[in-house]
Amino acid sequence: MSAPPDTVAPVRRAGSERPGRPRRSRSARLRYAGIVAFFLLPSAIPLALFTLVPMAGSLWVSLHEWDLITPMTWAGLGNYAELLADPATRAAFLHTVAFIAGYLPLVYAGGLGLAVLLNRAMPARDLFRAVYFLPVITSWVVVALMWKWLLNPRSGVVNWLLGVFGIEGPGWWTDPAWAMPSVILASAWKDLGFVMVIMLAGLQAIPREYLDAARVDGAGALARFRYVTLPLLSPSTFFVIVISLINGFQVFDQVHVMTGGGPGGATQVVVEQVYDLTFRYGRAGDASALSWLLFAVVLVVTLAQVRAQRRWVTYG
Amino acid sequence: MARNLRAAVALLAAAALLAAGCAKGSATRDDAGGGGGGKVTLRYFTFSAAPDHVKDLDQIVAAFEKENPRVDVRVETAPFEEYFTKLQTSLAGGTAPDTFELNYENFVTYAGGKALLDLGPVAAADKGYDPAAYQPSSLAAFRHQGRQFALPASFSTVVLFYNKDLFEKAGVPLPTADWTWEDEMDAARRLTDRKNKVYGDFQPVQFHEFYKTLSQAGGRFLAEDGRTPAFNGPEGVRAAEWLVGKVGKVMPTEAEIGGTADYDTNLFKSGKLAMWHNGIWQFAGLADAPFEWDVVVEPGDRTKASAVFHNAVAASARTGHPKEAWAWARFLTASKVAADVRIRSSWELPPVADRSLLAGYLKEPRPPGRQAVFDSLKSIALPPVIAKQQEMQDAVTEELGNAAAGRKSVKAALDDAARKVAGLL
């Protein structure tokens, strides 16, 4: 009787055994793997059911024509070709990039500024930190509706305040030129707290000695921030940029509630387009294909960042 | 080993729980323990009942259940803006209601798919069914490729509502059936009082108003062949200018409306709107308005043309209860009870052949000029219907919006809309 080939254990090279880890019998190792697998199940099952399976499903749908009513018909890569030729696709990506271009600098600078402020000793500091974090955990629908009211051109608080100073406020989300800035403003406001928390953690990980040494060397506050703090924050910055870019590409809730892609299509971002294609126009195949185009773009952008980070991110 | 076994059992149990949780609800649900003699639960999904007519629909349901004690009709409602999204999604997910409402514009899309039950066989099996109970043109509107896929349930028209008190206060003569656009604009100007935030007129700048005013101006939306847009000619420009020209002068701008839901309804109800283009389904909601109001046939231009909205009841192709679905659809659309309830509550009109059933409509006191509803039917404009209906409507509405906000000239906006629509045909 020959033993079945060992497919579970990795190939073991001489001397690759980690020190301090007792050698186990094969059955013990198998049982260990089983226990590990069991504890992974609570996250693995939902991930498979609610992320991987729908992803595979949308890939399948993207290769078909489907209006949600009639049975699907095979379309091959037709949907992708159609989307790439459609000026609406390019417009949606351009609007998304415009959103990111406004949102990312604003949320990063704002979050960093808040973090620096709230890293000092000051009264009620914890309260401030909590307050700035509150929007992060608030539902997007609530935040978007609130900003819609604040920025109401006729009866909103913002234009009223501007009026007090003699400035005639813009049409905000009713004006195509101002609709995207309105969405960006609301988005940056909501995510400020998230960036603040990450940057605060980054700030607190900077050893005091470095800053003290710089001070002894005669560096002023600005120089210390520019040459010590910022470089040492680069891992946090990297994390914030990666996450914010992915979120930026997927921007939807605030757009859907505040402008619905309007006025005149001025805020029609990619995911809003995916929504319209599916639920307004009954083009689920095109919508799924567009989702995969977005996925490809996000993947490429993220990989490029991971590659580029070697050049500017310093660890420790 | 015992521990492994226990783990495996736990795992299985967890998987079973998840599977149970994820199993999608069946299209139709029989009550628990419903064997041969059990009750059948029949779901009905509607947009026209909420919010003003839920109780009226309940009356029809109660009468139906009395006649059909085995059937329990469960009503589900959604506002019109969300209705078709929900219906589509439930069809795609296999949880579609047994019976549901459809409007004329969307009927073709659904009938062309395989979503609707062909009512022919169930109708043939029903000895009590008489197609002559319906107005022939209404019945024909919901036939597709020679098959009846829905029963006409109701129709409604758009008329000109006006606040009599505002007219009298301003000393402006009341609208009559022979008014033209010029008369309306003249009155609207005199009635607009910006200081007191009173507006003279409100006519939404969108697809439905446009295809109708285009018809009033003597134009047509699509060319005879049905394959090329024809709405950007001189009549189209005239119609669009008529709509767009009101904005900011006798009617609030988009920025002033500020995306407020039911803005125009509330404006009229608060007595700050003199004239309002809207559907007769608003009658019930205005019953308690604290001022005198009435309706007339909409003013015309070259000719009169009124918009007609037509709703029908269809059954899902996947319903488990085709016979009951048919019985309910028939009752809801052709029974005397249903017709009476619709008339008495000033809901929409039943498309029944027996005109005497409609007589009661004119006896209701408010508004006094409700004869206009029937007069408006003498010259109607039906919406153009294409397979990509929603995309066409959105394209036209968006470009009209651009013109209304002054971002484009009317002609340029119509040309752009025509280009988009041509791509959809």
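Not measured: the values here are computed from a predicted model.

About the criteria used
- Residues numbered from 1 in each chain as written.
- Chains lettered and ligands numbered in written order.
- Predicted model: local features only at pLDDT ≥ 70, side-chain atom pairs only at ≥ 80, totals over all residues.
- Axes fitted to C-alpha atoms, helices over the stretch in contact; angles between N-to-C directions.
- Helix = DSSP H or I, 4+ residues; strand = E, 2+ residues; numbered from the N terminus.
- Left-handed = near helix turned anticlockwise from the far one by under 90°.
- Contact = placed C-beta atoms within 7 Å.
- Nonpolar A, V, L, I, M, F, W, Y, C, P; charged D, E, K, R; others polar.
- Core = buried A, V, L, I, M, F, W, Y, C linked by C-beta atoms within 7 Å.
- Buried ≥ 20, exposed ≤ 12 C-beta atoms within 10 Å, placed from the backbone.
- Domains from an automatic or database assignment.
- Pairing = 2+ DSSP bridges.

> Whenever I open this one, the packing of helix H10 (residues 234–244) of chain B against helix H18 (residues 410–424) of chain B confuses me. Can you help?
Think of two packed helices as two axes; the pair is described by the angle between the axes and how far apart they sit. Residues and elements named next belong to chain B. At a minimum axis distance of 10 Å, the contact between H10 and H18 shows a crossing angle of 115 degrees. The hand of the H10/H18 crossing is right-handed. Between H10, through Gly236, Val237, Ala240, Glu241 and Val244, and H18, the contact on the second element is made entirely by Val410, Lys411 and Leu414. Class assignment for the residues of the contact of H10 with H18 results in five nonpolar, one polar and two charged.

> What should I look at first to understand the nonpolar core in this one?
Nonpolar side chains in soluble globular proteins generally cluster together in the buried interior. Leu290 of chain A together with Leu116, Ala150, Ala312, Ala314 and Trp328 of chain B are the most contacted members of the largest nonpolar core, which totals 102 residues. No other element matches the 13 residues that helix H7 (residues 176–204) of chain A contributes to this core. Those residues within four positions of Ala312 of chain B in sequence are excluded, and the remaining contacts are Leu102, Phe107, Phe142, Ala150, Leu151, Pro152 and Ala153 of chain B.

> Explain the environment of Ile280 of chain B to me, please; I cannot follow it from the model alone.
Residue and element names in this part refer to chain B. The residue Ile280 is located in the loop between strand E7 (275–279) and strand E8 (293–296) in this model. For Ile280, a count of 24 C-beta atoms within 10 Å translates into the label buried. C-alpha separation for the pair Ile280 and Arg370, spaced 90 residues apart in sequence, amounts to 9.1 Å. Among all residues touching Ile280, those that are not within four sequence positions of it are Ser156, Thr157, Val159, Glu348 and Val373.

> Can you help me understand the interface of chain B and chain A in this one?
By convention, interface size is frequently given as the accessible area that disappears when the constituent parts associate. Contact residues are listed per partner, giving 28 residues for chain B and 26 residues for chain A. Among the secondary structure elements, those contributing two or more residues to the side of chain B that touches chain A are helix H1 (2–22), helix H3 (80–92), helix H4 (104–112), helix H11 (254–257) and helix H17 (389–404) of chain B. Looking at the side of chain B that touches chain A residue by residue, the class counts come to ten nonpolar, eleven polar and seven charged.

> How should the environment of Ile69 of chain A be read in this particular structure?
Residue placement: Ile69 of chain A occurs in the loop between strand E1 (64–65) and strand E2 (73–74). Since 21 C-beta atoms lie within 10 Å of it, Ile69 of chain A is described here as buried. Taking C-alpha positions, Ile69 of chain A is 45 Å from Ile35 of chain A, a pair spaced 34 residues apart along the chain. Once residues lying within four places of it in the same chain are set aside, the contact partners of Ile69 of chain A are Gly282 of chain A together with Gln88, Leu91, Thr109, Tyr110, Gly113 and Ala115 of chain B.

> Explanation requested: the domain arrangement of chain A in the structure shown.
Residues and elements named next belong to chain A. Partitioning chain A into structural domains gives domain 1 (26–62) and domain 2 (78–312). Using C-alpha coordinates to define each centre, domain 1 is positioned 32 Å away from domain 2. Taken residue by residue, the interface counts four residues in domain 1 and seven residues in domain 2.

> Help me understand the domain arrangement of chain B, please; the structure alone is not making it clear to me.
All names here are of chain B. On domain assignment, one finds that chain B holds domain 1 (37–155 + 310–363) and domain 2 (157–308 + 372–424). Facing twelve residues of domain 1, the contacting portion of domain 2 comprises ten residues. If you tally residues by element for the side of domain 1 that touches domain 2, the top one is H4, at four residues.

> Any chance you could explain the pairing of strand E6 (residues 151–163) of chain B here in plain terms?
Along a regular strand, successive side chains alternate from one face of the sheet to the other. Residues and elements named next belong to chain B. Of all 13 residues that make up E6, 13 are buried, and the element is covered over most of its length. Judged from the six bridges that link them, E6 and strand E9 (residues 306–315) form a sheet pairing that is antiparallel. From the neighbouring strand, Pro152 faces E9, where its bridge partner is Ala312. Pairing geometry for E6 and E7, over five bridges, is antiparallel. Within E7, the residue paired with Val158 across the bridge is Gly279. Where E6 meets E8, four bridges bridge the pair, whose relative direction is antiparallel. Within E8, the position partnered with Phe161 by the bridge is Val295.

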